Amino acid sequence: MTINEAKKVLKIEAEGILQLIDRIDDNFSHLVEFICSSSGRLIIAGIGKSGLVGRKIVATLNSTGTRSFFLHPVEAMHGDLGMVCRDDIFLALSNSGETDELNILMPNIREIGCKIVAFTGNKDSTLAKYSDLVIDVGVEREACPMGLAPTSSTTALLAMGDALAVVLINKKEFKSTDFKRFHPGGRLGQRLSCEVKDLMLTGSLIPLVSEETGAGEAVKEIDRFGLGVILVVQKDNFLAGIITDGDIRRAVARKKPLYDMSVEEIMTKNPRAVNPDTPAYDALNIMEKHQITVLPIINPIGKIRGILHLHDILGKGDFKFNGT
Amino acid sequence: MEPKDKYFSPPQGLICPLVSPLMDDNTIDSASLERLLEHVGRAVDGVLLCDAIWGEGTVLSAEIRFDLVSSALEIIRGRWPVLIFITGKTLRDTQLFMAQMEELINKIEYRGKLFWVDYPLYYHSNRGLPQMYLELMTKTEIPLIIANLPYLVKQQKGLVKRGNIRTSVLKKIVRNTEIRGMIFTGDLKRSFNYQMAARSGSGFVFYDGDEAVFLKNPGMGGVVAGGSNLVPGKWLEITRFSLNQYDKKKRIQISRPAVLESGTMLQFLYSLCNAAPAVYMKKILCKVGIIDSSHSYSSVESLKLSRQEKAWQDELKVFLNTYDMV
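Residues numbered from 1 in each chain as written. Chains lettered and ligands numbered in written order. Predicted model: local features only at pLDDT ≥ 70, side-chain atom pairs only at ≥ 80, totals over all residues. Heavy atoms only, no water.

**As for the overall build of chain B**
Across its full length, chain B carries 13 helices and eight strands. Taken over 326 residues, chain B has a buried fraction of 56%. For chain B, contacts bridging at least 24 residues in sequence account for 73% of all contacts bridging at least 6. Accessible surface, chain B: about 14,900 Å² in total, of which carbon and sulfur atoms supply 51%. (Helix = DSSP H or I, 4+ residues; strand = E, 2+ residues; numbered from the N terminus. Buried < 20%, exposed > 50% of the residue type's maximum accessible area, 1.4 Å probe, protein only. Contact = heavy atoms within 4.5 Å. Areas by Shrake-Rupley, 256 points an atom, 1.4 Å probe, with all protein chains shown as cover.)

**Details of the overall build of chain A**
When you go through chain A residue by residue, the secondary structure sums to 16 helices and eleven strands. The proportion of buried residues among the 324 residues of chain A is 46%. Within chain A, contacts between residues at least 6 apart in sequence are counted, and of these 64% link residues at least 24 apart. When the accessible surface of chain A is summed, it comes to about 16,200 Å², and 53% of that surface belongs to carbon and sulfur atoms.

**A look at the sheet that holds strand β2 (residues 68-70) of chain A**
All names here are of chain A. Here five strands make up an open sheet; going across it, the order is β2-β1-β3-β4-β5 and the pairing parallel. Strands at the two margins of the open sheet, each flanked by one partner only, are β2 and β5 (133-136). Taken over all neighbouring pairs, the strand axes of this sheet differ in orientation by 20° on average, direction set aside. Looking at chain direction, strand β4 (residues 115-120) and β5 are connected through four bridges and run parallel. In the strand pairing of β5, V117 is matched with L133. Its contacts with the sheet place helix α2 (residues 26-37) against β1 (42-46), β3 (89-94), β4 and β5, and it is angled at close to 125° to β5. (Pairing = 2+ DSSP bridges. Axes fitted to C-alpha atoms, helices over the stretch in contact; angles between N-to-C directions.)

**A word on helix α12 (residues 215-225) of chain A**
All names here are of chain A. Listing the buried residues of α12 in full gives A215, G216, A218, E221 and I222. Of the surrounding elements, those touching the buried residues of α12 are β6 (208-210), β7 (229-233), β8 (239-244), α13 (245-253) and α14 (263-266). Directly after α12, the chain includes G226, whose backbone phi takes a positive value near 70°.

**Remarks on the sheet that holds strand β9 (residues 268-269) of chain A**
All names here are of chain A. Here we have four strands laid out as an open sheet, ordered β6-β7-β8-β9, and mixed in their pairing. Since the sheet does not close on itself, it has two edges, and those belong to β6 and β9, each with one partner. With three bridges connecting them, β6 and β7 associate as parallel partners. Directly across from L208, in β7, lies its bridge partner L231. Where α12 meets the sheet, it contacts β6, β7 and β8, and its direction lies at approximately 130° from that of β7.

**Focus: the interface of chain A and chain B**
Each partner contributes residues to the interface: chain A has 18 residues there, and chain B has 22 residues. The junction of chain A with chain B conceals about 1,700 Å² of combined surface from both sides, 43% of it contributed by carbon and sulfur atoms. Its largest share of buried area at the contact with chain B, chain A owes to N270, P300 and I301 of chain A, together 33% of the area lost on that side. For the interface between chain A and chain B, the tally reads two salt bridges. Between R305 of chain A and D324 of chain B there is a salt bridge, and its shortest N-O distance comes to 3.0 Å. Counting the contacts that link chain A with chain B gives six residue pairs in polar contact (both at pLDDT 80 or more). The residue makeup of the side of chain A that touches chain B, split by class, is four nonpolar, five polar and nine charged. (Buried area = accessible area lost by both parts, 1.4 Å probe. Salt bridge = Lys/Arg side-chain N within 4 Å of Asp/Glu carboxyl O. Polar contact = N/O pair within 3.5 Å; in protein donor to acceptor, adjacent residues only side chain to side chain. Nonpolar A, V, L, I, M, F, W, Y, C, P; charged D, E, K, R; others polar.)

**As for the nonpolar core**
Residues Y133, L230 and M325 of chain B are the most contacted members of the largest nonpolar core, which totals 110 residues. Among residues more than four places away in sequence, those in contact with M325 of chain B are N299, P300, I301 and K303 of chain A together with L230, V231, M265, V288, F319 and L320 of chain B. Residues L20, F28, I44 and V58 of chain A belong to the second largest nonpolar core, which totals 27 residues. (Core = buried A, V, L, I, M, F, W, Y, C linked by side-chain atoms within 4.5 Å.)

**Details of the packing of aromatic side chains**
All names here are of chain B. Under the criterion given, the structure shown has seven aromatic pairs over all chains. Relative to F319, the ring of F268 has its centre 5.2 Å away and its plane inclined at 85°; by these criteria the two rings are edge-to-face. Of the two residues, F268 sits in helix α10 (residues 252-273) while F319 sits in helix α13 (residues 306-322), which places them 51 residues apart along the sequence. On the basis of relative accessibility, which here comes to 0%, the residue F319 falls in the buried class. We note R65 situated over the ring of F97; from NZ or CZ to the ring centre the distance is 4.2 Å. (Phe/Tyr/Trp six-rings, centres within 6.5 Å; stacked < 30°, edge-to-face > 60°. Lys NZ or Arg CZ within 6 Å of the ring centre and 35° of its normal.)

**Quick word on the packing of helix α3 (residues 49-63) of chain A against helix α8 (residues 152-171) of chain A**
Residue and element names in this part refer to chain A. At a minimum axis distance of 10 Å, the contact between α3 and α8 shows a crossing angle of 15°. Accordingly, the angle class assigned to the pair α3 and α8 is roughly parallel. Taken as a pair, α3 and α8 cross one another with a handedness that is right-handed. Of α8, the residues touching α3 (which contributes K49, S50, V53, K56, I57, T60 and L61) are T154, L157, L158, G161, D162, A165 and L168. Classifying every residue of the contact of α3 with α8 gives seven nonpolar, four polar and three charged. (Parallel < 35°, antiparallel > 145°, perpendicular 65-115°, else oblique. Left-handed = near helix turned anticlockwise from the far one by under 90°.)

**Things to note about the confidence of the model for chain A**
On average, residues of chain A score 85 in pLDDT, and 90% of them reach the 70 mark or higher. In this model, residues 317-324 of chain A is a region of pLDDT below 50 whose contacts with residues beyond four sequence positions or in other chains number 16 contacts. (pLDDT = per-residue confidence, 0-100.)

**Observations concerning the side chain of S50 of chain A**
Residue and element names in this part refer to chain A. By the secondary structure assignment, S50 is in helix α3. Assessed through its relative accessible area of 12%, S50 is described here as buried. If sequence neighbours within four positions are ignored, S50 has contacts with L93, S94, N95 and L157.

**What to know about the environment of P296 of chain A**
Residue and element names in this part refer to chain A. Its place among the elements puts P296 in strand β10 (residues 294-298). When its relative accessible area of 0% is taken as the criterion, P296 is described as buried. Residues P296 and L308, spaced twelve residues apart in sequence, show a C-alpha to C-alpha distance of 6.3 Å. When near neighbours in sequence (up to four residues on either side) are disregarded, P296 contacts L231, L239, I242, P271, R272, A273, V274 and G306.

**Some details on the environment of A218 of chain A**
Summarising the element assignment, A218 of chain A is placed in helix α12. For A218 of chain A, the residues in contact, after removing those within four places along its chain, are V209, T213, I230, I243 and V263 of chain A.

Printed below as a string of structure tokens:
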């Protein structure tokens with residue numbers, strides 16, 4: 001008996017979601033376009049159980065790259081409305097569309113000038129009339145035997161929120177790397193949330209030679225430091241260039257004796273460099289994009305402050321995060 | 001030199017009005033110039049040589065300017081677009097300098113984008129300006145960018161009445177397709193009128209001539225920012241962000257805090273140099289080791305007062321320590 005009742009509830013809720021498939025229309029596409037073209041945030045408001053669902057949708061959207069926050073309608077009435085800007089999109093959640101606490105805000109939201117979208121089960125409601133777009137999330141019946149407690153309707157609302165988040169993921173070409181960026185709880189995430197200055201090698205660990213050094217000496221230094229590169233510095237420690245293993249190979253291929261050359265002849269001038277405040281994530285992106293494993297770290301005027309190896313970001317180098 | 005054609009548009013973005021490194025005997029310090037150009041060049045979209053304000057172009061003799069440009073072109077070797085300030089005290093001086101430079105450019109077979117920069121009201125009135133440019137541009141193969149800088153014109157007391165190019169005159173000037181842009185300084189209303197006047201000039205670029213204004217209300221073409229002599233990377237960041245060039249890479253959310261911080265730094269730097277841009281910038285560049293001497297043609301009254309000089313040195317110390325440039 002008990003199991004049968006539970007199965008019945010699940011069936012009613014599943015049917016509620018399945019019905020949305022037929023009712024989803026162009027308004028949903030317009031909503032996605034609104035969000036993608038907006039420079040503002042997606043503000044979600046609802047009260048009671050719709051409010052709880054709204055908070056979950058906000059969490060999903062934020063973790064998948066759509067800036068969003070939950071606005072409690074009552075708090076909004078008492079000043080939080082100041083958080084809403086003209087560029088934002090206001091998404092109101094209400095199955096009946098007649099929630100007083102929500103509808104009372106609508107004239108003010110209109111006045112601010114942001115777009116209003118309603119997730120509601122009543123297309124003729126007051127909320128729907130105030131809205132630029134209405135997404136129908138209505139269900140035929142609630143699973144509650146008395147039809148009072150929101151059950152199927154909140155499930156449908158939640159499913160529609162997930163549908164929106166997933167469509168936005170695809171539309172914005174959100175990748176797993178982006179997901180990692182918003183979930184810095186993992187070990188790699190922790191490292192990527194650092195700044196370069198937390199990971200870079202400094203002081204005597206930086207492989208350096210002056211511009212006047214011979215190429216042969218530079219090769220010995222590359223070998224001694226074991227990073228596969230050496231930085232070439234000018235007067236006052238300004239970065240002049242970098243010599244990598246590749247530069248050495250190219251120099252050897254020129255068939256001129258390596259020991260007759262100066263570092264100036266073989267170095268790459270003005271190499272890619274970042275400053276110590278650059279997020280490690282950005283440094284990693286630069287390394288990936290340009291297929292390099294080492295980045296010189298310079299201050300705003302170009303003086304050397306350190307060097308960063310790919311292994312230092314990935315946790316295989318000298319730096320160990322949290323002692324791991 | 002690249003061939004002149006109507007599609008040859010000026011660089012958009014960050015233009016660095018290079019300070020002119022001098023030795024104590026008032027000759028060009030080539031080693032410092034090379035260091036400065038290599039420091040600046042990796043970030044900027046164009047370099048302005050002998051600029052009236054930052055490069056002391058109005059006080060340096062034609063011989064020193066000639067030396068500076070020839071040394072700089074040798075170092076740059078076409079790697080970045082170069083803008084050359086040609087304005088002299090009279091129209092004849094201007095024509096003469098332009099002719100000398102053009103001869104040099106042809107002689108060394110320079111390959112790279114070049115533009116003249118002229119502040120016409122410095123030596124000419126609004127009357128007959130379009131006609132003057134029609135004649136001037138027949139004598140050169142290099143396109144020109146004009147500049148409106150009332151502050152500079154006012155220094156020529158009594159010679160001219162008007163500090164700004166009249167909008168109706170600009171409208172006629174931009175019909176000359178060899179004039180490709182304008183470095184603008186002035187109020188918002190004038191900026192709007194100028195933009196309306198220049199609408200017929202396809203690809204005509206407006207640069208903000210006042211970096212402090214750009215930091216508050218950025219224009220659409222770019223900025224001539226003296227602060228980029230010291231911190232070209234920071235200025236590039238701000239310029240890219242302001243011209244919305246990061247949008248395409250969807251990096252706005254990542255860059256915003258960094259950009260706000262950079263903006264504060266650049267405002268600070270501007271306030272340090274504002275009273276006498278070339279003099280103070282050279283002092284800073286010398287202090288951080290980019291140029292060897294802070295010797296300058298311009299003089300600053302306030303620097304003679306030791307108390308003000310000390311206050312400035314204290315402020316500079318705070319700036320250098322705050323932004324890790326010691």
